[in-house]
Amino acid sequence: MNGLQPFAAVDIAHAISKSIRTIAAFFLSTAALGASNKPNVVFILANDLGYGDLSHAGVRARTPHCDRLAREGMRFTDAHTTSSVCTPTRYGIITGRYNWRRKLKRGVLWGLSEPLIAADRLTTPKFLQQNGYHTGVVGKWHLGLGWQMLPNGEKRQAKTGPTKGDGWQIDYGKKVSGGPLAIGFDESFIIPASLDMFPYVYLQNDKPTAWATVTKAFHRPGPCAEDFEAINCLRDFAREAGAFIDARAKERDKPFFLYLPLSSPHTPIVPSERWQGKSDIGKYGDFLMETDWVVGQVLKALDRHRLAKDTIVIFATDNGCSPAAKIPALVAKGHKPNADWRGHKADIFEGGHRVPFLVRWPGKVAAGSTSGQTICTADLFATVADVLGKSETIPANAAEDSFSFLPALLGQAQANGSPAVSVSCLDGQGIEPLKEAIRNQVWDGEITSEMLEVMINSRHQEALRRAGGSLQTAREQLRAGTPLDLVAVDLRIGTNAVGEIVGRTTTEDLLDSIFSTFCIGK
């Protein structure tokens, strides 16, 4: 038997399984909601905020507005990102797909990186546009932009001071290509990437709001607009998000989608003067509180226009807390940013990708409720489609890795959840070199999730048993002498129960350990 044939069968089974779940979800959701229901959707994404960083998780920082969301909505306790770093998670939210289906197999983009999302790809905002929504994004983009360059290879010098970093060759008077407006947003107010990645400028509706004329450093020195300061970003994002809601409130017959990816509490950790000293755990706690304040400003805008009951508000984060926050020092003060989960941002353990996930939808989602269902940030696409009763309209080549969690929100039995969540980390940690070798040597195009991803998690035995056939096939292939680069198996290492196998150096040893640990395939 050809070594790749078993995966073709898995792919077909995946398609059939997802179709069945989609049909089931359609009948469940339309019965509860009515197909014409079109609530507004606000998705707030914090940056490097851990599972334990919100005060309702029992830690030291005070986050009353996120606590309000938990009190008035549902808290998911087993939510995960598709990666333990920024860009891949954002790609998953916008497209409903894993990042490794595209050219980004590892790591993150930079401020000068080319657009990651193809203009012809159906995205979450584009899907909502097609269904009558007005869409907007405010915040940190980090998905690449097609900068326009000055003619004849010109590079400008800083207006004053040294000329450092890259980006002086950009024509900041021209619109970028491949930005938010190209992939489904009607309007935008963004920064290109993280606040430690140049160029440091705002872009409104895909055009820089000012030329980068000086060098500034929020860790990495580079071209910056003269009046741009990292310390002001949360204030500016809150203002623009509020203005977006104010404008949309004037057209109440047209629903809106606001994607609000914040730049905090990612480095540089720069709480504004108003928030400095507000917490008792230092600057990181202050920055958490200011991040929560932005959430409060959004809720206030919805309340101001009496839009709360017509709006789904989701709060999540792109990965776990970063070591840059000085986690040991925070723990010593009684604050555990990633709760008791092992690991942190950029690695493969739970602390890197298990995140807060809050959903408020008055009248539909029970106040003060919790769900232990395993969900993923990439599930946004399928969920909003389910809310609209439009799941069946998603084409087969879109949102391949997105599964609706609407039944969980409505308190119904889950009929369409994903049996596995794929998680990648920043660089070669533990088994990551093996994963990258498999992906880069064999697959240079589309990859199905079942083909590459097997969830290894002692708390999800049934999901693991369903994946056992693929694992068994892979092990048999290896023992038969099939080259490593033809065995397409990606392993998700989750809990401490299997943490000890991370240090193994060969695929067969890993497989043997997994089979032995879970008594599968014997």
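Before reading further, recall that the structure is shown in the block above.
Residues numbered from 1 in each chain as written. Predicted model: local features only at pLDDT ≥ 70, side-chain atom pairs only at ≥ 80, totals over all residues. Heavy atoms only, no water.

K.L.:
Can you lay out the packing of helix 2 (residues 64–72) against helix 6 (residues 283–304) for me, pointing to particular residues and giving the numbers?
P.N.:
At a closest axis distance of 7 Å, the pairing of helix 2 and helix 6 adopts a crossing angle of 55°. On the basis of the axis angle, helix 2 is oblique to helix 6. Between helix 2 and helix 6, the contacting residues are Pro64, His65, Cys66, Arg68 and Leu69 on the first element and Asp292, Trp293, Val295, Gly296, Leu299 and Asp303 on the second. Looking at the contact of helix 2 with helix 6 residue by residue, the classes come out as 6 nonpolar, 2 polar and 3 charged. (Axes fitted to C-alpha atoms, helices over the stretch in contact; angles between N-to-C directions. Helix = DSSP H or I, 4+ residues; strand = E, 2+ residues; numbered from the N terminus. Parallel < 35°, antiparallel > 145°, perpendicular 65-115°, else oblique. Contact = heavy atoms within 4.5 Å. Nonpolar A, V, L, I, M, F, W, Y, C, P; charged D, E, K, R; others polar.)

K.L.:
Kindly report on the side chain of Lys345, identifying the contributing residues and their values.
P.N.:
If you trace the backbone, Lys345 turns up in the loop between helix 7 (327–332) and helix 8 (350–353). A relative accessible area of 12% means that Lys345 is categorised as buried. Among residues more than four places away in sequence, those in contact with Lys345 are Asp48, Ser84, Val85, Cys86, His266, Asn319, Gly320, Cys321, Ser322, Pro323, Gly351 and Gly352. (Buried < 20%, exposed > 50% of the residue type's maximum accessible area, 1.4 Å probe, protein only.)

K.L.:
Explain the pattern of salt bridges to me, using residue names and the numbers behind them.
P.N.:
Side-chain pairs of opposite charge can arise whenever the charged atoms involved come near each other. Going through the model one piece at a time under the given rule, you end up with 22 salt bridges. Here Arg239 and Asp236 are joined by a salt bridge, their closest N and O atoms 2.9 Å apart. Separated by 3 residues within a single helix, Arg239 and Asp236 lie in helix 5 (residues 233–248), roughly one turn from each other. Close ionic contact of Glu350 with Arg354 constitutes a salt bridge, the shortest N to O distance being 2.8 Å. Accessibility classification places Glu350 together with Arg354 in one group, the buried group. (Salt bridge = Lys/Arg side-chain N within 4 Å of Asp/Glu carboxyl O.)

K.L.:
So what about the pairing of strand 12 (residues 369–376)? Which residues, and what values?
P.N.:
Of all the 8 residues making up strand 12, 6 are buried; the element is thus mostly covered by neighbouring parts of the structure. With 6 bridges connecting them, strand 2 (residues 74–80) and strand 12 associate as parallel partners. Residue pairing across strands places Phe76 opposite Ser371, the latter belonging to strand 12. (Pairing = 2+ DSSP bridges.)

These figures come from the coordinates and say nothing about function on their own.
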